[in-house]
Amino acid sequence: MLGGFVRVLVQAGTPTPTGTPTRTPTESAAETVGQFLPPWVPEWAVQGALALLVVVLSYYVSKVVRQVFGRRIARRFQRPSLTRTVLRSIQTTILLLGGGLALRILGVPLQNLALSVTVFSAVAGFVLAPIIGSVINGLFVLSEQPYEIGDMIHLSDREVYGFVEDITLRYTKVFTLDNTFLVIPNGSIRERDVVNYSAEDGRTRLKLDVQVTYESDLDEARALIEEAAAHVDKVIEGGPDIRIGSARYPARPTCYIDAFADHGVNLRLRYWATEPYKLLKLRSEVQTAIWDRLEEADVEIAYPHSHLYFDDTSGEMQVSVRDRGPELGPERPPGVDGDERRD
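Residues numbered from 1 in each chain as written. Predicted model: local features only at pLDDT ≥ 70, side-chain atom pairs only at ≥ 80, totals over all residues. Heavy atoms only, no water.

You'll find the chain entered in an unreviewed UniProt entry as Mechanosensitive ion channel family protein, with Salinirubellus salinus given as the organism. Of the chain, the UniProt comment under Sequence similarities (unreviewed entry) reads exactly: "Belongs to the MscS (TC 1.A.23) family." Per UniProt, the comment on the chain under Subcellular location (unreviewed entry) is "Cell membrane". (UniProt positions renumbered as here; feature names shortened; annotations may be inferred.)

Peer 1: What's the story with the overall build of the chain in this structure? I'm lost.
Peer 2: Helix and strand content of the chain: nine helices and 10 strands. Going through the 343 residues of the chain one by one, you find that 29% of them count as buried. Within the chain, residue pairs in contact and separated by at least 24 positions form 59% of the contacts whose partners lie at least 6 positions apart. Entry remark: accessible area of the chain is about 23500 Å², with carbon and sulfur atoms responsible for 57%. (Helix = DSSP H or I, 4+ residues; strand = E, 2+ residues; numbered from the N terminus. Buried < 20%, exposed > 50% of the residue type's maximum accessible area, 1.4 Å probe, protein only. Contact = heavy atoms within 4.5 Å. Areas by Shrake-Rupley, 256 points an atom, 1.4 Å probe, with all protein chains shown as cover.)

Peer 1: Honestly, the environment of Leu 50 in this entry has me stumped. Any pointers?
Peer 2: Note that Leu 50 resides in helix α3 (residues 43-77). On the basis of relative accessible area, Leu 50 is assigned to the buried category, the value being 7%.

Peer 1: What's the story with unusual backbone geometry in this structure? I'm lost.
Peer 2: Peptide bonds are mostly trans, and most non-glycine residues show a negative phi. Backbone geometry at Asn 179 places phi at a positive 65°, although glycine is not the residue there. For Asn 179, the location among the structural elements is in the loop between β3 (171-176) and β4 (181-185). A relative accessible area of 60% places Asn 179 in the exposed class. With a phi close to 75°, Lys 234 is a non-glycine residue in the positive phi region. With respect to the helices and strands, the residue Lys 234 is situated in the loop between α8 (218-230) and β7 (242-244).

Peer 1: Mind showing me how you'd approach the sheet that holds strand β10 (residues 265-273) here?
Peer 2: The pairing of strands in a sheet comes from backbone hydrogen bonds and takes either a parallel or an antiparallel form. The three strands are arranged β6-β10-β9 in an open sheet whose pairing can be described as antiparallel. Whereas interior strands pair on both sides, the edge strands pair on one side only; in this sheet they are β6 (204-212) and β9 (254-260). Along the sheet, successive strands turn relative to each other by an average axial angle of 25°, direction set aside. Where β9 meets β10, six bridges bridge the pair, whose relative direction is antiparallel. (Pairing = 2+ DSSP bridges. Axes fitted to C-alpha atoms, helices over the stretch in contact; angles between N-to-C directions.)

Peer 1: So what exactly am I meant to see when it comes to the side chain of Gln 91 here?
Peer 2: Note that Gln 91 resides in helix α4 (residues 80-105). What Gln 91 contacts, discounting residues up to four positions off in sequence, is Ser 62, Lys 63 and Arg 66.

Peer 1: Mind showing me how you'd approach the packing of aromatic side chains here?
Peer 2: Ring pairs (aromatic) are described by centroid distance and by the angle formed between their planes. This structure, assessed with the given rule, holds three aromatic pairs. Ring geometry for Phe 175 versus Phe 181: centroids 4.9 Å apart, planes at 65°, classification edge-to-face. Classification of Phe 175 by relative accessible area gives partly exposed; the value is 29%. A cation sits over an aromatic face here: Lys 173 above Phe 181, 5.3 Å from the ring centre. Of note, Arg 205 hangs over the ring of Tyr 249, and the distance from its end group to the ring centre comes to 4.7 Å. (Phe/Tyr/Trp six-rings, centres within 6.5 Å; stacked < 30°, edge-to-face > 60°. Lys NZ or Arg CZ within 6 Å of the ring centre and 35° of its normal.)

Peer 1: Looking at this structure, I do not really get the confidence of the model for the chain. What am I missing?
Peer 2: Caution applies to low-pLDDT regions: their predicted coordinates should not be interpreted in detail. Within the chain, residue pLDDT values average 75, and 69% of them lie at 70 or more. Between the elements of the chain, mean pLDDT differs from a low of 44, seen in helix α1 (residues 2-13), to a high of 94, seen in β10. Note on residues 1-16: pLDDT is under 50 here. Beyond four places in sequence and across chains, it has 17 contacts. Note on residues 338-343: pLDDT under 50 across the span, and seven contacts to partners over four residues away in sequence or across chains. (pLDDT = per-residue confidence, 0-100.)

Peer 1: I'm lost on the layout of surface pockets in this one. Help?
Peer 2: Estimated volume of the largest pocket: approximately 310 Å³. What lines the largest pocket is a set of 17 residues, and nearest its centre among them are Glu 159, Val 160, Tyr 161, Leu 177 and Asp 178. Breaking the lining of the largest pocket down by element, the ones donating at least two residues are β2 (160-167), β4 and α9 (279-296). Residue classes in the lining of the largest pocket are distributed as 11 nonpolar, two polar and four charged. (1 Å grid on protein atoms, 1.4 Å probe; cavity = no way out; pocket = protein on both sides within 12 Å on 5 of 7 lines; lining within 4 Å. Points joined across faces, edges and corners; volume = space filled by probe spheres on them. Nonpolar A, V, L, I, M, F, W, Y, C, P; charged D, E, K, R; others polar.)

Peer 1: In this structure, what is going on with the nonpolar core? I would like to understand it.
Peer 2: Here is a general trend for soluble globular proteins: nonpolar side chains tend to be buried in one another's company. Residues Ile 225, Leu 269, Tyr 271, Leu 282, Val 286 and Ile 290 are the most contacted members of the largest nonpolar core, which totals 26 residues. Among the elements that line this core, the one with the most residues is α9, at six residues. In this structure, Val 141, Leu 142, Val 164 and Leu 182 belong to the second largest nonpolar core, which totals 13 residues. (Core = buried A, V, L, I, M, F, W, Y, C linked by side-chain atoms within 4.5 Å.)

Peer 1: What's the story with the pairing of β4 in this structure? I'm lost.
Peer 2: Looking along a regular strand, one sees the side chains alternate between the two faces of the sheet. Residues Leu 182 and Ile 184 point to one face of β4 and are all buried, whereas Phe 181, Val 183 and Pro 185, pointing to the other face, are not buried. For β3 and β4, the ladder comprises five bridges, and the chain directions are antiparallel. Residue Tyr 171 lies in a different strand from β4, and its bridge partner there is Pro 185. Hairpin geometry of β3 and β4 is characterised by an intervening segment of four residues between the two adjacent antiparallel strands and by a positive phi of about 65° at Asn 179.

Peer 1: So what exactly am I meant to see when it comes to a positive patch on the surface here?
Peer 2: On the surface, Arg 205, Lys 207, Arg 270 and Arg 283 cluster together into a positively charged patch. Residue position: Lys 207 is located in strand β6. (Patch = residues over 30% accessible without salt bridge, like charges linked within 9 Å, V, L, I, M, F, W, Y side chains within 5 Å. Salt bridge = Lys/Arg side-chain N within 4 Å of Asp/Glu carboxyl O. Lys, Arg positive; Asp, Glu negative; His and termini not counted. Charge placed at Lys NZ, Arg CZ, Asp CG, Glu CD.)

So, in structure tokens, the structure goes:
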């Protein structure tokens, strides 16, 4: 049966000799297939079955091609997003060729169909403009490589953290840390501030501000803060300096004096995390470790407070006292010496 189908396609695409009656590929295919079928089967049924067979075969051929060439294309591009885009394009091309061949078997004039599609595309261009814009932006996303499938990103305008699940020519799918999917058009995501936590190096530097009182020992406070952060899991406690561009930064936690504030001295701790996936949990563990270390030492964490002083230059306060009789004594304001006035 497969050999007969191949002969049908060959005969359908073989030009007829000069001087012989011209037959369309549809008629040639129908006659060839009709030789294997009972005479009572109509020609249109043969054409429909043949067209359906071509569509089904093109679908399975596209899947086989994806499985056969998938690894080769992945090794060639070495990027999951480009690999998926190329494989989708190959599958779409095979399906379009199969659909065109099926229409040719059914006798649909492809020239008129192409003209109709062109006119329709021109009319619907205004409606499809956003989709076309997303496709163009998708090409820019694939070429600029701001993120890749599997990267953890942060959308600062929406306070969304998540992993890039898929990148297509029209949209980017993000699997958020709240166990939800977020589908963002490529035209929209290129206009946002996207923070990529795992572009090339998963190590991420974090900072924490701690304010201690002026009476505290600053050297001891800085040493304790650095020691507390270094003993937290997932925090780099030391080693070679970390290079970012042309600059190098110490890998171990470092604490510096940031500013002399109104209520205390601001200390800024900088430390590196090995994984960017649980930043809030890690930050909480660092703060807990710092709290425990400072509580045991002669270091006090500052907090906003005010002291009021009254002297001779502070002015006068007018107090009115009414006479309640010699037995009860003068009336006192509410709250003075525990006496509360009740109506």
